[in-house]
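Residue-level structure breakdown
Letter by letter, the chains look like this.
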Amino acid sequence: MKEYDVVVIGAGPAGGAVASPLAEAGKKVAMIEADGFGGVCPLRGCNPKKVLLAAAETVARARHMVGNGVTGIPDIDWSALAAFRDGFVLPVPERAEQAYRSEGIDTYHGFARFTSPDTVEAGGETFTAEHFCICVGQTPHPLQIPGAELLSTSDDFLALDTLPNRIAFIGGGYIALELAHIAVRAGTDVTLLNRSERVLRSFDPVLTGMLVDATREAGIDVRLNTSPQSVERIHEGLRLHLSSGRSLDADMVVNCTGRKPALEGLGLSRAEVDHTPRGITVNHQMQSVTNPKVYAIGDVAETPYPLTPTASHEGAVAAANILSPRSAHANYTGIPRVAFTIPPIAAVGLGIEEAEEKGIPFTLKEYDLDKGFPWKRLGEKFGYSRVLLNEKEDRVLGAHILGHHAEEIANQFALIIRQIVPLSAVRDTLWAYPTSGYYLKFMVQGE
């Protein structure tokens, strides 16, 4: 039996955010990882996706400037791009594990499962501790249709060394749209199937409608209100049978219908830890509501926003409460969300639908960004903002942006909303010109 103050299950951003400060504070910490130190974001998510996106953005930028001084559009050499991607991804597990060891954290490889409320087993060894932190994230949600075993996942796409000629993406969320935008710029024939009329349901519907237009203009065959009924292998790839009664042939079909908390096999019932399909039920201190020895952090917890920054924040909150009970709580105010499509789309704070449902008064300011200089000079055709203001309370309530640099403008709004910077102070700020951020002044302009 190995005894620790804290056992952290999962070595991604959530696990690191809780383990490091505890080790620094003198706690004896063990970290157990089943699938690569570093976690999904640097290994199978955010980072490899953004590396691939860099090439896609280059192609898109050139295409937008054709006729305005640019005469050729570059081709993507996927094998060279894959090697570039691997340069970021492959070193991560060893570097991450060594970094944790240098902090005094004992690292272990294996799948951890609870054997009682205060013990876990992994790699043939048993661990006991004063506290356990579950940081195992999420896993792709399986699609329940005949032939589902033939489908690929985002993990498979992001690890491709060669790119198929025809790819179909099933889903209308972050992953489906982001990967579709990468693939089409690399020269692949891309189809995107979404079961409803609306994509990216957590974003502003007016902006997502514009994004669908931009997606189609990029050459992606977007089929709304269409879902797969079955998939079969044929002589030249795969064939999807669709709810429309039609069929679609592809070389690769990627299931992007969502992710679910990776709870299977953890033995949560033996740990007396309650959960729902959305994750482990926790309080504002990130503590299990049924077993106070257990904390759940990041995407595995039943909390909003399954994002890397949120996981890091929750890890810091959990660490603070382990060191000093009830000393910190999770604060989800002003969390920026971005889908890295081309162009990107971002949201911070309240949306229009949410504000109306809660009866929160607001003034809506809309601005056509693609008429602004930073976007016109790049040949951008899609750019728009919708910002919710409360003039009486002198506050910015929410911001929704589509267009080049949307993610950077969202960071500015995140600071404004989270730190409750007065609207009057935002309007009084002088921004560098000519920059995309300069146009924030027009997004919050008064009457």
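The structure contained in this document is the topic of the report that follows.

Basis of the calculations
Residues numbered from 1 in each chain as written. Predicted model: local features only at pLDDT ≥ 70, side-chain atom pairs only at ≥ 80, totals over all residues. Heavy atoms only, no water. Disulfide = S-S within 2.5 Å. Buried < 20%, exposed > 50% of the residue type's maximum accessible area, 1.4 Å probe, protein only. Helix = DSSP H or I, 4+ residues; strand = E, 2+ residues; numbered from the N terminus. Expected span 1.5 Å × (residues − 1). Contact = heavy atoms within 4.5 Å. Phe/Tyr/Trp six-rings, centres within 6.5 Å; stacked < 30°, edge-to-face > 60°. Lys NZ or Arg CZ within 6 Å of the ring centre and 35° of its normal. Pairing = 2+ DSSP bridges. Axes fitted to C-alpha atoms, helices over the stretch in contact; angles between N-to-C directions. Left-handed = near helix turned anticlockwise from the far one by under 90°. Nonpolar A, V, L, I, M, F, W, Y, C, P; charged D, E, K, R; others polar. Core = buried A, V, L, I, M, F, W, Y, C linked by side-chain atoms within 4.5 Å. 1 Å grid on protein atoms, 1.4 Å probe; cavity = no way out; pocket = protein on both sides within 12 Å on 5 of 7 lines; lining within 4 Å. Points joined across faces, edges and corners; volume = space filled by probe spheres on them.

1. Focus on the state of the cysteines
Each disulfide is one covalent bond, formed between the sulfur atoms of two cysteines. Applying the stated criterion across every chain, the model contains one disulfide. A sulfur-sulfur distance of 2.3 Å marks the disulfide that ties Cys41 to Cys46. Classification of the bridge connecting Cys41 and Cys46 rests on its S-S torsion, roughly -125°, and on that basis the disulfide is left-handed. Residue Cys46 is classed as partly exposed on the basis of its relative accessible area of 29%.

2. Points about helix α1 (residues 13-24)
With twelve residues, α1 extends 17 Å between its outermost C-alpha atoms, agreeing within 8% with the 16 Å of an ideal straight helix rising 1.5 Å per residue. Of all the residues in α1, the buried ones are Ala14, Gly15, Gly16, Ala17, Val18, Ala19, Ser20, Leu22 and Ala23. Check the buried side of α1 and you find it contacts β1 (2-9), β2 (29-33), α5 (92-102), β6 (125-134) and α9 (308-323).

3. Concerning the packing of aromatic side chains
Counted according to the given criterion, the structure contains 16 aromatic pairs. Relative to Phe442, the ring of Tyr367 has its centre 5.6 Å away and its plane inclined at 10°; by these criteria the two rings are stacked. Here Tyr367, found in strand β21 (residues 363-367), pairs with Phe442, found in helix α14 (residues 440-443); they are 75 residues apart in sequence, far enough to count as distant. The class of Tyr367 is partly exposed, set by a relative accessible area of 23%. Put simply, the rings of Tyr367, Trp375, Tyr433, Tyr438, Tyr439 and Phe442 pair up and form one aromatic cluster. Sitting over the face of the ring of Phe442, Lys441 holds its NZ or CZ atom 5.6 Å from the ring centroid.

4. A closer look at the sheet that holds strand β11 (residues 228-234)
Across the sheet, three strands lie side by side as β11-β12-β13; this open sheet has antiparallel pairing. The open sheet terminates on both sides in strands that have one partner only, identified here as β11 and β13 (247-250). Averaged over all pairs of adjacent strands, the angle between their axes in this sheet comes to 20°, without regard to strand direction. Inspection of the sheet shows strand β12 (residues 237-242) paired to β13 by four bridges, in the antiparallel sense. Bridging across to β13, Arg239 finds its partner in Asp249.

5. A look at the environment of Ile335
With respect to the helices, strands and loops of the structure, Ile335 is situated in the loop between α9 and β19 (337-339). When the C-alpha atoms of Ile335 and Arg418 are compared, they prove to be 7.7 Å apart, with 83 residues separating the residues in sequence. In contact with Ile335, not counting residues within four places along its chain, are Tyr305, Leu307, Thr310, Ala347, Val348 and Arg418.

6. Description of the packing of helix α3 (residues 46-65) against helix α4 (residues 78-89)
Packing of α3 against α4 leaves a shortest axis separation of 9 Å and a crossing angle of 145°. The handedness of the crossing between α3 and α4 comes out as right-handed. Contacts between α3 and α4 involve Pro48, Val51, Leu52 and Ala55 from the first element and Trp78, Leu81, Phe84, Arg85, Phe88 and Val89 from the second. Of the residues assigned to the contact of α3 with α4, the class counts are nine nonpolar, no polar and one charged.

7. Notes on the nonpolar core
Residues Trp78, Phe157, Phe169 and Phe413 are the most contacted members of the largest nonpolar core, which totals 72 residues. Phe413 has contacts with Val348, Val387, Val396, Ala399, Ile401, Leu440, Met443 and Val444, leaving out every residue within four places of it along the chain. Judged by nonpolar contacts, the second largest core, of 54 residues, contains Val6, Ala19, Met31 and Ala129.

8. Some details on the layout of surface pockets
By volume, the second largest pocket amounts to about 290 Å³. Those elements that place two or more of their residues in the lining of the second largest pocket are α10 (352-358) and β23 (395-402). When grouped by side-chain class, the residues that make up the lining of the second largest pocket number ten nonpolar, four polar and five charged.

9. With respect to the environment of Gly398
Topologically, Gly398 is positioned in strand β23. A C-alpha to C-alpha distance of 27 Å links Gly398 and Glu57, two positions 341 residues apart in sequence. Here Gly398 is in contact with Val348, Gly349, Leu350, Arg386, Val387, Leu388 and Ile417, once residues within four sequence places are set aside.

10. Digging into the pairing of strand β22 (residues 384-390)
The buried fraction of β22 amounts to seven of the seven residues, a majority that puts the element mostly inside the structure. Here β22 shows no split at all, with Tyr384, Arg386, Leu388 and Asn390 on one side and Ser385, Val387 and Leu389 on the other all buried. Across five bridges, the pairing between β21 and β22 is antiparallel. In the sheet register, Thr363 faces β22, and the bridge partner there is Leu389. In the sheet, β22 pairs with β23 via seven bridges, with the strands oriented antiparallel. When the bridges of β23 are listed, Leu389 appears paired with Val396. Linking two consecutive strands that pair antiparallel, namely β22 and β23, is a turn of four residues; a positive phi of about 60° is found at Asp394 within it.

11. Some remarks on unusual backbone geometry
Ile342 connects to Pro343 through a cis peptide bond whose omega is 5°. Among the secondary structure elements, Pro343 is positioned in the loop between β19 and β20 (345-349). Look at the link from Tyr433 to Pro434: it is a cis peptide, with omega at 0°. As for its position among the elements, Pro434 is in the loop between α13 (423-428) and α14. Even without glycine at this site, Met286 takes up a positive phi of about 70°. Mapped onto the fold, Met286 is located in the loop between β17 (279-280) and β18 (294-296). Despite not being glycine, Ile420 shows a phi value in the positive range, around 50°. Position of Ile420 among the secondary structure elements: in the loop between α12 (406-418) and α13.

12. Notes on the environment of Glu272
Along the chain, Glu272 turns up in the loop between β15 (259-261) and β16 (275-276). By relative accessible area, which is 48% here, Glu272 ends up partly exposed. In the structure, Glu272 is positioned 17 residues away from Val289 in sequence and 9.7 Å away in space, judged by C-alpha atoms. Once residues lying within four places of it in the same chain are set aside, the contact partners of Glu272 are Pro117, Thr290 and Asn291.

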